[in-house]
Amino acid sequence: MILSGAGREILIAPSILSADFLSLGEEVREAAAAGADLFHLDMMDGHFVPNLTFGPPVIDGLEKVTSLPLEAHLMVEHPEIYLEELAHDGIYRVTVHWEASSHLHYVLSKIRDLGMRAGIALSPATPVTMVSDVLEMIDLVLVMTVNPGFGGQSFIAHSFEKIAKMRSLLDDSGAAHVRLEVDGGIKTSNISQVVACGADTIVMGSAIFGETPCKTVFEEIRERLATG
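This write-up is about the structure you can find in this document. (Residues numbered from 1 in each chain as written. Predicted model: local features only at pLDDT ≥ 70, side-chain atom pairs only at ≥ 80, totals over all residues. Heavy atoms only, no water.)

**Brief notes about the overall build of the protein**
If you tally the helices and strands in the protein, you get seven helices and nine strands. For the protein, whose C-alpha radius of gyration is 16 Å, the value lies close to the compact-globule estimate of 17 Å for 228 residues. Referenced to the eigenvectors of the C-alpha coordinate spread, the extents of the protein come out at roughly 45 × 40 × 30 Å. Expressed as a percentage of the 228 residues in the protein, the buried residues total 54%. Once local pairs closer than 6 in sequence are excluded, the contacts in the protein between residues at least 24 apart make up 65%. Of the roughly 10,000 Å² of accessible surface on the protein, a fraction of 51% belongs to carbon and sulfur atoms. (Helix = DSSP H or I, 4+ residues; strand = E, 2+ residues; numbered from the N terminus. Rg over C-alpha atoms; globule rule 2.2 N^0.38 Å. Buried < 20%, exposed > 50% of the residue type's maximum accessible area, 1.4 Å probe, protein only. Contact = heavy atoms within 4.5 Å. Areas by Shrake-Rupley, 256 points an atom, 1.4 Å probe, with all protein chains shown as cover.)

**Structural notes on the side chain of histidine 97**
With respect to the helices, strands and loops of the structure, histidine 97 is situated in strand E5 (residues 93–97). In terms of polar contacts, histidine 97 uses its side chain to reach the side chain of histidine 73, at 2.9 Å. Leave out the neighbours within four places in its chain, and histidine 97 touches Phe48, His73, Leu74, Met75, Ala121, Ser123, Met144 and Pro148. (Polar contact = N/O pair within 3.5 Å; in protein donor to acceptor, adjacent residues only side chain to side chain.)

**A word on unusual backbone geometry**
Backbone geometry at histidine 78 places phi at a positive 55°, although glycine is not the residue there. Structurally, histidine 78 is set in the loop between strand E4 (70–75) and helix H3 (83–88).

**Re the environment of valine 143**
The residue valine 143 is located in strand E7 (residues 140–144) in this model. Not counting residues up to four positions away in its chain, the partners in contact with valine 143 are Leu122, Lys162, Ile163, Met166, Leu180, Glu181, Val182 and Asp183.

**Some points on helix H4 (residues 104–113)**
The complete set of buried residues in H4 reads Leu104, Val107, Leu108, Lys110 and Ile111. The arc that holds the buried residues of H4, viewed along the axis, is 160°, so those residues lie on one side. For H4, the elements touching its buried residues are H3, E5 and strand E6 (117–122). (Arc of directions from axis to C-beta.)

**Description of the pattern of salt bridges**
Under the defined criterion, the tally for this structure stands at nine salt bridges. Across the salt bridge formed by lysine 165 and glutamate 161, the nearest N and O atoms sit 3.5 Å from each other. Of this pair, lysine 165 and glutamate 161 both sit in helix H5 (residues 159–172), four residues apart, roughly one helical turn. Within the structure, one salt-bridge network assembled from shared partners comprises Glu9, Arg167, Asp171, Arg179 and Asp200. (Salt bridge = Lys/Arg side-chain N within 4 Å of Asp/Glu carboxyl O.)

**Here's the deal with the nonpolar core**
General note: in soluble globular proteins, nonpolar side chains tend to be found buried as a group. Membership of the largest hydrophobic core comes to 67 residues, with the highest contact counts inside it found for Ile12, Leu108 and Ile202. When residues no more than four places from it in sequence are discounted, the contact partners of leucine 108 are Val96, Ala118, Gly119, Ile120, Val134, Met137 and Ile138. Listed in part, the five residues of the second largest apolar core include Leu140, Leu142, Met144 and Val146. (Core = buried A, V, L, I, M, F, W, Y, C linked by side-chain atoms within 4.5 Å.)

**Some remarks on the side chain of glutamate 181**
With respect to the helices and strands, the residue glutamate 181 is situated in strand E8 (residues 179–183). The side chain of glutamate 181 is buried and forms no salt bridge, while arginine 93, the nearest opposite charge, is found at 4.5 Å. Contacts of glutamate 181, omitting those with residues within four sequence positions, involve Ala13, His40, Glu71, Arg93, Leu140, Val141, Leu142, Val143, Thr201 and Val203. (Lys, Arg positive; Asp, Glu negative; His and termini not counted.)

**Describing helix H7 (residues 214–227)**
The α-helix advances 3.6 residues per turn, and as a result positions three or four apart in sequence lie on the same side. The end-to-end C-alpha distance of H7 is 20 Å, a good match for the 20 Å that 14 residues give at a rise of 1.5 Å each. Cys214, Val217, Phe218, Ile221 and Leu225 are the residues of H7 that are buried. Mapping the buried residues of H7 onto a view down its axis gives an arc of 95°, with all of them on the same face. Along H7, the residues that are exposed and aim more than 90 degrees away from the buried face are Lys215, Glu223, Ala226 and Thr227. Contacts from the buried residues of H7 go to strand E1 (2–3), strand E2 (9–14), helix H1 (24–34), helix H6 (191–196) and strand E9 (201–204). Trailing H7 by a residue or two, glycine 228 shows a phi angle of about 75°, which is positive. (Expected span 1.5 Å × (residues − 1).)

**Here's the deal with the pairing of E7**
Within E7, five of the five residues are buried, which leaves the element mostly enclosed by the surrounding structure. With burial as the criterion, each face of E7 is covered, one bearing Leu140, Leu142 and Met144 and the other bearing Val141 and Val143. Across four bridges, the pairing between E6 and E7 is parallel. Within the sheet, the bridge partner assigned to leucine 122 lies in E7 and is valine 143. (Pairing = 2+ DSSP bridges.)

Geometry only, nothing functional implied.
This is the structure:
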């Protein structure tokens, strides 16, 4: 956990999608030691998004190398079919896409009934108001600042305005319990602006699992957030 210059609690969630899977255990340990608060797991099925990533066996392996919370971001059709296995694997939170869930209330209820926390993800073209009717059922809303499906994309510039709108919606609705997560193209160069718009949970992939050592990246994150 890092405190921003404004005193907001900021959590950093490295996305293992950008890690070297041949050295995944080592990279996860390094990120945890450098200051990660939790790990973000992008699960894709090749249907909702045109890419495939990993499934529960990788999650089971991660549990053996870190005690930090694991959150699953399901970029899949029919997310409900994965929930029981994710609960069995000890996933802390499951985030499903508003665009992929025909029966969102049912899916969120099932996540909570299985003892996990629930989140909703919104793709770049989805309005922030789509979460209004289920705020009491979630503990996180994820604003995607790239199109879901591939790592390493550039941050969509007008997303700053969307993050700020979501922050206002949460505050005006009295939803202080709901964390505002942002995912996509976040680097040390723009993290301060993302946080200034109201985000409090930051997913970072290639910025953390890149050529620069994790420890150095986290030192720069702390410096930038401390100075605002």
